[in-house]
Amino acid sequence: MARVKYRDKDVDLMARMMRAEAEGEGKQGMLYVGNVIVNRAKADCLDFRDVRSIEDVIFQVQGGNYSFEAVQKGNLFYERARGTEKKLAKQALDYWREQPAKYALWYFNPYAPCPPTWYGQPFSGQYKDHCFYEPAAGTCESVYIG
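Residues numbered from 1 in each chain as written. Predicted model: local features only at pLDDT ≥ 70, side-chain atom pairs only at ≥ 80, totals over all residues. Heavy atoms only, no water.

Draft legend 1. Seen up close, the pairing of strand E5 (residues 121-127). Across two bridges, strand E4 (residues 117-118) lies against E5 in antiparallel orientation. Bridge assignment links Thr117 to a residue of E5, and that residue is Pro122. Joining the antiparallel neighbours E4 and E5 is a turn of two residues, in which Tyr119 adopts a positive phi near 50°. Sheet topology places E5 next to strand E6 (residues 130-133); four bridges connect them, and they run antiparallel. (Pairing = 2+ DSSP bridges. Helix = DSSP H or I, 4+ residues; strand = E, 2+ residues; numbered from the N terminus.)

Draft legend 2. Just the nonpolar core, in detail. Counting residues in hydrophobic clusters, the biggest one holds 46 residues, and the most contacted among them are Met14 and Ile37. Other than its neighbours up to four places away in sequence, Ile37 contacts Met14, Met17, Met18, Ile54, Val57, Ile58 and Phe68. (Core = buried A, V, L, I, M, F, W, Y, C linked by side-chain atoms within 4.5 Å. Buried < 20%, exposed > 50% of the residue type's maximum accessible area, 1.4 Å probe, protein only. Contact = heavy atoms within 4.5 Å.)

Draft legend 3. Region of interest: the sheet that holds strand E3 (residues 106-108). Read from one edge of the open sheet, four strands run E3-E6-E5-E4, paired in antiparallel fashion. In this open sheet, the two edge strands, each paired with only one partner strand, are E3 and E4. Lying on the sheet, helix H2 (residues 26-42) is in contact with E3, E5 and E6; it crosses E3 at an angle near 145°. (Axes fitted to C-alpha atoms, helices over the stretch in contact; angles between N-to-C directions.)

Draft legend 4. Expanded view of the side chain of Arg16. Turning to its location among the elements, Arg16 is positioned in helix H1 (residues 8-22). Every residue in contact with Arg16, bar those within four places of it in the chain, is listed here: Phe77, Tyr78, Glu79 and Ala81.

Draft legend 5. A look at the layout of surface pockets. The computed volume of the largest pocket comes to approximately 780 Å³. Lining the largest pocket are 31 residues; nearest its centre among them are Glu21, Ser67, Glu69, Tyr107 and Phe108. Elements that contribute at least two residues to the lining of the largest pocket include exactly H1, strand E2 (65-66), helix H4 (69-73) and E3. Counted by class, the lining of the largest pocket contains 13 nonpolar, nine polar and nine charged residues. (1 Å grid on protein atoms, 1.4 Å probe; cavity = no way out; pocket = protein on both sides within 12 Å on 5 of 7 lines; lining within 4 Å. Points joined across faces, edges and corners; volume = space filled by probe spheres on them. Nonpolar A, V, L, I, M, F, W, Y, C, P; charged D, E, K, R; others polar.)

Draft legend 6. Representation of the environment of Arg16 in the model. Exposure remark for Arg16: the relative accessible area of 16% places this residue in the buried category. As for Arg16 and Tyr111, which are separated by 95 residues in sequence, their C-alpha atoms are 23 Å apart.

Draft legend 7. Region of the structure containing the pattern of salt bridges. Under the definition given, this model contains 12 salt bridges. For Glu79, the salt bridge is made with Arg19, and the minimal N-O distance between the two is 3.1 Å. Taken as a pair, Glu79 in the loop between H4 and helix H5 (83-94) and Arg19 in helix H1 lie far apart in primary sequence, 60 residues in all. One salt-bridge network, held together by shared partners, links Arg19, Glu23, Glu79, Arg82 and Glu85. (Salt bridge = Lys/Arg side-chain N within 4 Å of Asp/Glu carboxyl O.)

Draft legend 8. Geometry of the packing of aromatic side chains. Considering all chains together, one arrives at 15 aromatic pairs under this definition. Pairing Tyr32 with Phe132 gives two aromatic rings, centres 5.7 Å apart and planes at 65°, and the pair type is edge-to-face. Within this pair, whereas Tyr32 is found in helix H2, its partner Phe132 is found in strand E6, the two being separated by 100 residues in sequence. Considering the side-chain rings of Tyr107 and Phe132, the 5.8 Å spacing of their centres and the 40° angle between planes classify their relative orientation as tilted. Taken together, the residues Tyr107 in strand E3 and Phe132 in strand E6 connect sequence positions 25 residues apart. Per residue, the accessibility class of Tyr107 equals that of Phe132, and both read buried. Taken together, the ring pairs in this structure connect Tyr32, Phe68, Trp96, Tyr107, Tyr127 and Phe132 into an aromatic cluster. (Phe/Tyr/Trp six-rings, centres within 6.5 Å; stacked < 30°, edge-to-face > 60°.)

Draft legend 9. Summary view of H5. An ideal rise of 1.5 Å per residue puts 16 Å on 12 residues; H5 measures up with 16 Å between its terminal C-alpha atoms. Residues Glu85, Leu88, Ala89, Ala92, Leu93 and Asp94 constitute the buried set of H5. Among the structural elements, H1, H2 and helix H3 (54-58) are those in contact with the buried residues of H5. (Expected span 1.5 Å × (residues − 1).)

Here it is in structure tokens:
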């Protein structure tokens, strides 16, 4: 059973974002980005109270900017999704979760060692160049369900 409701359009959208954000980190890195996208759709807390769909997550605006840099920069995100990325997106949507992004709501590439917290959220692990962060204890129980 899928972790969130989705349509074919969502698989395509998520596949494009996963590739745009993590192509250089291979399939595993793209799956971790997929975890974060799905976690944000599941989370009913913090910055993610008003995002319930994959499309809402991808196009969320915070502080005047899109949450995902790839939406603004117009890089790979605006290219057609390939079959490999669509398969990975569907895998993340349906069931796949793994650390360091299993419960992560944020990631970024600091171009330096990962800080122990990011905007007050604890570090959950690193994969190649991306640092992942889970919500602080007691602030977002919904991300741990389902």
